[in-house]
Amino acid sequence: MATIIVVGSALFLLLGLLVVVLWGGRSIREPSASRPHPSTGTGGQEFRTDVKLSGLRRFFWWANVVSFSALASALLAAWPGGRLVMRILADTSPASAQGRLTEAQAFVGIPSVGGTMALLFFGGLPAGFLAAILFPLVRRWLPRGRLAGPLFGLLLLVWVGSLMDPLRADNIDFNIVGPGWLSVALYAGLALLHGSVVAAAAGWWSERLPMWGPEAAKFYVPLLAGAILFPPFAVLVVIGTLLLFLWLSVVPVSWLRSARPRRTVPAWVGAGAIVLISAAALPVFISAVVSISSRTG
């Protein structure tokens, strides 16, 4: 069974690499604006209803892109990659580490079906959805092309990698397996791949995804799958739907009819925010990397 788990993880990870090779460099193609024209002759209530439907359809489009890229990155990068990293570190660790209990209540060097599935639901899926939600928010200030995905993965590692996982300095696993420098190198490489799969999957799916409609229901299976497999995402979608519906219910119709052009955050503001967040997180990240790298397992 252990061999099957390792081989299966390797195949999934290779598929993730193929996704990056084939789809890498694609940018998210946003749906065309579909809100009612302000000059329409419909009454105020009818116009508000049309705007609500348009806004909800656009919201579900974005939620679907997030869910698809989250599932793709979880299944083809974070989950199998995490499983293989653990396998490699188990093989490079001292003999005394074999069979010891990790922080996640797994045994070093003994991959199991239960532990592998736990890694998916408590590691792969949370990492996938976190990355997939953040990527659309920062993509405008990342370089175009294939560099966007790896850079996003690196940013994500610096921002949260030392606070949550995989490079949390107080994780007792780094006192068991090692060497520390190899742990840092493997998880850094996995972060780059994870970001690349998120960007590639989001770009590819956005080019094919129509706006919600009865005839397009089959395209929204990823949204349903993401909500079922990762309930916190379902909660976010429900909350987002309610907030959007409430906002479009209280905004004056005259404001909706004004059809003001959508304002985007200036490039220098977005880029500056990324630099500031990275600068604030970098000391903690460097401290964690130095601490982990100095351990021998």
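Preceding this paragraph is the structure being described.
Parameters and conventions
All residue numbers refer to position in the chain's written sequence, counted from 1. Only residues with pLDDT of 70 or above have their local features reported here, since the model is predicted, and side-chain atom pairs are shown and tallied only from 80 upward, although totals for entire chains, interfaces and linings are computed over all residues. The side-chain values count all of the structure's non-hydrogen atoms but skip hydrogen atoms and water molecules. Here a strand is any run of E in DSSP of at least two residues, a helix any run of H or I of at least four, and the numbering for each starts at the N terminus. Exposed residues in this analysis have more than 50% of their type's maximum accessible area, buried residues have under 20%, and partly exposed residues fall in between, with area computed by a 1.4 Å probe over protein chains only. Residues count as neighbours in contact if any of their non-hydrogen atoms are within 4.5 Å of one another. Per-residue accessibility takes into account occlusion by the displayed protein chains alone, with areas from the Shrake-Rupley method and a 1.4 Å probe. Only buried residues count toward a nonpolar core, which is a set of Ala, Val, Leu, Ile, Met, Phe, Trp, Tyr and Cys residues joined through side-chain atoms within 4.5 Å. In the analysis that follows, any N or O atom pair within 3.5 Å is treated as a polar contact, provided that within protein one partner can donate a hydrogen and the other can accept it, and provided that, for residues neighboring in sequence, both atoms belong to side chains. For every element, the axis is a line fit to its C-alpha atoms; helices are fit only across the contacting stretch, and the angle between N-to-C directions ranges from 0 to 180 degrees. Relative orientations are named as follows: roughly parallel for angles under 35 degrees, roughly antiparallel for angles over 145 degrees, roughly perpendicular for angles from 65 to 115 degrees, and oblique for any other angle. Left-handed describes a crossing whose near helix is turned anticlockwise from the far helix by less than a right angle; the clockwise case is right-handed. Under the grouping applied here, Gly and all other residues not named as nonpolar or charged are polar, the nonpolar ones being Ala, Val, Leu, Ile, Met, Phe, Trp, Tyr, Cys and Pro and the charged ones Asp, Glu, Lys and Arg. In this analysis, rings of Phe, Tyr and Trp, with Trp reduced to its six-membered ring, are considered paired at centre separations within 6.5 Å, and the interplanar angle assigns stacked below 30 degrees, edge-to-face beyond 60, and tilted for intermediate values. Should the NZ of a Lys or the CZ of an Arg lie within 6 Å of a ring centre and within 35 degrees of the ring normal, that charge is described as sitting over the ring. Throughout this description, the term salt bridge denotes a Lys or Arg side-chain nitrogen within 4 Å of a carboxyl oxygen of Asp or Glu. Taking the helix axis as origin, the arc is that swept by the directions to the C-beta atoms. Residues enter patches when they are more than 30% accessible in relative terms and free of salt bridges; like-charged ones are connected within 9 Å and nonpolar ones (Val, Leu, Ile, Met, Phe, Trp, Tyr) within 5 Å.

Student: I'd like a rundown of the overall build of the chain, residues and numbers included.
Tutor: When you go through the chain residue by residue, the secondary structure sums to nine helices and zero strands. Ordering the α and β elements of the chain from the N terminus gives α-α-α-α-α-α-α-α-α. Across its three principal directions, the C-alpha atoms of the chain cover 80 × 40 × 35 Å. Looking at the chain as a whole, 44% of its 297 residues are labelled buried. Restricting the contact set of the chain to residue pairs at least 6 apart, pairs at least 24 apart contribute 81%. Approximately 15200 Å² of the chain is accessible, and the part contributed by carbon and sulfur atoms is 73%.

Student: Any chance you could break down the nonpolar core for me, citing the residues and the numbers?
Tutor: Ranked by size, the top nonpolar core spans 71 residues in total, and within it W61, F135, F152, L167 and F233 carry the most contacts. If you list the elements that add at least two residues to this core, you get helix 1 (2-23), helix 2 (44-92), helix 3 (113-138), helix 4 (148-160), helix 5 (180-208), helix 7 (231-250) and helix 9 (267-293).

Student: I'd like a description of the side chain of N64, backed by residues and values.
Tutor: Assignment of secondary structure puts N64 in helix 2. At 3.4 Å, the side chain of N64 and the backbone nitrogen of L223 are in polar contact.

Student: Talk me through the packing of helix 3 against helix 5; I want residue IDs and the actual numbers.
Tutor: Relative placement of two packed helices is described by the angle separating their axes and the distance separating the axes. Two elements in contact, helix 3 and helix 5, have axes separated by 10 Å at closest approach and are oriented at 60°. Classified by the angle between their axes, helix 3 and helix 5 sit oblique to one another. Note that helix 3 runs across helix 5; the crossing there is right-handed. Contact with helix 3, carried on its side by A127, G128, A131, A132 and F135, involves H194, V198, A199 and A202 of helix 5 and no other residues of that element. When grouped by side-chain class, the residues that make up the contact of helix 3 with helix 5 number seven nonpolar, two polar and no charged.

Student: Give me the lowdown on the packing of aromatic side chains, citing residues and values where you can.
Tutor: On inspection of all chains with the given rule, the structure shows twelve aromatic pairs. Where W205 meets F219, the ring centres are 6.3 Å apart and the plane angle is 45°; that geometry is what we call tilted. Remark: F219 occurs in the loop between helix 5 and helix 6 (221-229) and W205 occurs in helix 5; sequence separation between them is 14 residues. Through a chain of ring-to-ring contacts, the aromatic side chains of W23, F68, W204, W205 and F219 assemble into a single cluster. Note that K52 overlies the ring of F245, its terminal NZ or CZ placed 4.3 Å from the centroid.

Student: I'd like a rundown of the pattern of salt bridges, residues and numbers included.
Tutor: For the structure shown, the criterion picks out eight salt bridges. Note that E207 and R26 form a salt bridge whose closest N and O atoms lie 2.6 Å from each other. Of this pair, E207 sits in helix 5 while R26 sits in the loop between helix 1 and helix 2, and the two are 181 residues apart along the sequence. Given the relative accessible area of 27%, E207 is considered partly exposed. The partner of E30 in a salt bridge is R58, with the nearest N and O atoms 3.2 Å apart.

Student: Summarise helix 6; cite the residues concerned and give the values.
Tutor: For helix 6, every residue scored as buried is listed here: P222, L223 and G226. Buried residues of helix 6 fall within an arc of 105° about the axis and therefore sit on the same side. Exposed residues pointing more than 90 degrees away from the buried face of helix 6 are listed as L224 and I228.

Student: Go over a nonpolar patch on the surface, please, and point to the residues and values.
Tutor: Residues M1, I4, V113, M117, F121, F122 and L229 make up a contiguous nonpolar surface patch of roughly 730 Å² in combined accessible area. The biggest single contributor to the nonpolar patch is helix 3, with four residues. Positionally, F121 belongs in helix 3.

Student: Explain the environment of D91 residue by residue, including any values.
Tutor: Summarising the element assignment, D91 is placed in helix 2. A relative accessible area of 54% places D91 in the exposed class. Considered as a pair, D91 and G109 are 18 residues apart in the sequence and their alpha carbons are 7.2 Å apart. In this structure the side chain of D91 is engaged in a polar contact, spanning 2.7 Å, whose partner is the side chain of R87.

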